[in-house]
Amino acid sequence: MMNRPQMGRQGMTARAKMTMSLEINRAGRVVLCALIAAALSGCRRAAEQGRVDLTWENAVGQLVQAERLARLDGATVTLASSYDPAGGNNDFNHFKDRGSEPGWVTLVDESGPGCIRRLWMTGTDPGHPIRIIFDGERRPRVEGPVETVFGETYPWVPPLAQYVNMCFFSYVPLTFNRSIRIETREPNVHPIWGQRRIFYQASIEKFDPSVRVETYPAELSPAARESVERVRTAWTRAVNEKSIEFTDAREQVLAAGGKAVLLEIEGPAMLAQWQLLVDPREAGEWNALDNEHLLQDAVLRVYYDRAAFPSIEVPLGDFFGNAWRKREYGSLLLTSSSNGFACRFPVPFKEHIRLELENGSDHEVVATIAAERAAWPGEGTGYLHAEWRRSGPTGGNHTVADLKGRGKFAGCFLGV
């Protein structure tokens, strides 16, 4: 299923990448017991109505709980989008339905319980109206021009919501117990560009009907605001990370064309995060092109529970989002810094883990690695897998993934 990375430089130029009883008489006892049963039934219904399985505050807090990614007992996530139903490339202005009044269109119309985890739009101008109606209410809880909803109204503020590079995006959870409906004005006509093209996507998590969800609150409590601020702080810190700290790191020299085991741990356990730096042993022997090639010449392999084949087998650069040249960026899950890489994807394993590196370059390299071990999260946990494949340059479709069995697609990195 996997195209295995080739070592060296040949052929590596194109690649893609959570009782009481009262004794009256026989007849009286029957009536009394029936009344008690009815009262208890009413108490149970009231308790059920007051129970909440997912509050909005907790939904926000989940934005920094990377370990949730490893759980396989979560809900179903679907995508609502403006994709071309004809299979063409006109993925715009295809809406869910007409709006609730003339001049409006519907982007999302879903029954609950659920949560929109991500909302993205482009192709319209700032000032274009948008509104969000929860649980069939008469008036929208969220309403205004797109730029106030995406980046200018709390909690829709950076880095959780923003307008960047002509795109509106938000990761502010839109929880709903019974239903959610998102509408916007029909595409406007621009004086220069003409009819506007609205592209949109909404990632919708659907829960079992028995799950009670707190609908997005009309007013935020102090605790909810604290949750938002904790996430904003964590995301901002991660995005701005410029240097990676190595604690209890180990170094190992790899000969040209050689391979080495950099990390081996007995389980059950989980890697909460790990850092890796691969550098030339003799920097003076390398030129700029050598350093760029090392991103693909160094191949990362991870084996779980003493399996014969790796569950992760990817060029180092591609695993950390570098296709052909080194990029510097920070995120909650992956970081590519001037002094190495960091991975915070949860990596649970039940018995054993072995991390290897192969040096496909023509020079000796030094690999520095550090890892933070955490407790195994328990049953219902998936293992992290990653594969690499290439296609081209002859054209045709590129296969991003071909997967079978029970799991979760976490994402991909594509280089063209």
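Residues numbered from 1 in each chain as written. Predicted model: local features only at pLDDT ≥ 70, side-chain atom pairs only at ≥ 80, totals over all residues. Heavy atoms only, no water.

## Description of the pattern of salt bridges
Close approach of charged atoms allows side chains of opposite charge to pair. Enumeration according to the criterion identifies 22 salt bridges in this entry. Notably, a salt bridge pairs K350 with E379, separated by 2.9 Å at the nearest N-O pair. Within this pair, whereas K350 is found in the loop between β22 (347-349) and β23 (352-359), its partner E379 is found in the loop between β24 (365-374) and β25 (386-387), the two being separated by 29 residues in sequence. Overall, the relative accessible area of 38% leaves K350 in the partly exposed class. We classify E379 as exposed; its relative accessible area is 56%. K404 serves as the salt-bridge partner of D402, at 3.8 Å between the closest nitrogen and oxygen. Residue D402 is classed as partly exposed on the basis of its relative accessible area, which comes to 36%. In this structure, a network of salt bridges that share partners links the residues E101, D109, R131, R181 and E183. (Salt bridge = Lys/Arg side-chain N within 4 Å of Asp/Glu carboxyl O. Helix = DSSP H or I, 4+ residues; strand = E, 2+ residues; numbered from the N terminus. Buried < 20%, exposed > 50% of the residue type's maximum accessible area, 1.4 Å probe, protein only.)

## Description of the side chain of T215
Here T215 is to be found in the loop between β13 (199-206) and α4 (222-239). Within the structure, T215 has its side chain in polar contact with the side chain of D135 (distance 2.5 Å). Within the structure, the side chain of T215 is placed 3.1 Å from the backbone nitrogen of N177, a separation counted as a polar contact. Discounting chain neighbours no more than four positions away, the residues touching T215 are F134, D135, R141, T175, F176 and N177. (Polar contact = N/O pair within 3.5 Å; in protein donor to acceptor, adjacent residues only side chain to side chain. Contact = heavy atoms within 4.5 Å.)

## Description of unusual backbone geometry
A cis amide bond links G112 with the next residue in sequence, P113, at an omega value of 0°. Checked against the element boundaries, P113 lands in the loop between β3 (104-111) and β4 (114-122). With omega at 10°, the peptide bond leading from Y154 into P155 counts as cis. Tracing the chain through its elements places P155 in the loop between α3 (146-152) and β7 (161-164). You will see that N165, though not glycine, has its phi angle at about 55°, which is positive.

## A look at the pairing of β7
For a regular strand, side chains alternate in direction, first toward one face of the sheet and then toward the other. Looking at chain direction, β7 and strand β8 (residues 167-170) are connected through four bridges and run antiparallel. Within the sheet, the bridge partner assigned to A161 lies in β8 and is S170. If you look at the hairpin formed by β7 and β8, you'll find two residues sitting between the two strands, and N165 has a positive phi there, around 55°. (Pairing = 2+ DSSP bridges.)

## Description of the sheet that holds strand β15 (residues 259-266)
Pairing is mixed across the open sheet formed by five strands, whose spatial order is β15-β23-β17-β18-β25. Taken across any chain shown, the strands that pair with only one partner, and hence form the sheet edges, are β15 and β25. Two elements, strand β17 (residues 298-304) and β23, share seven bridges in a ladder whose sense is antiparallel. Each residue of the ladder has a partner; that of R301, found in β23, is E356. Its contacts with the sheet place helix α5 (residues 288-297) against β17, β18 (312-315) and β23, and it is angled at close to 25° to β17. (Axes fitted to C-alpha atoms, helices over the stretch in contact; angles between N-to-C directions.)

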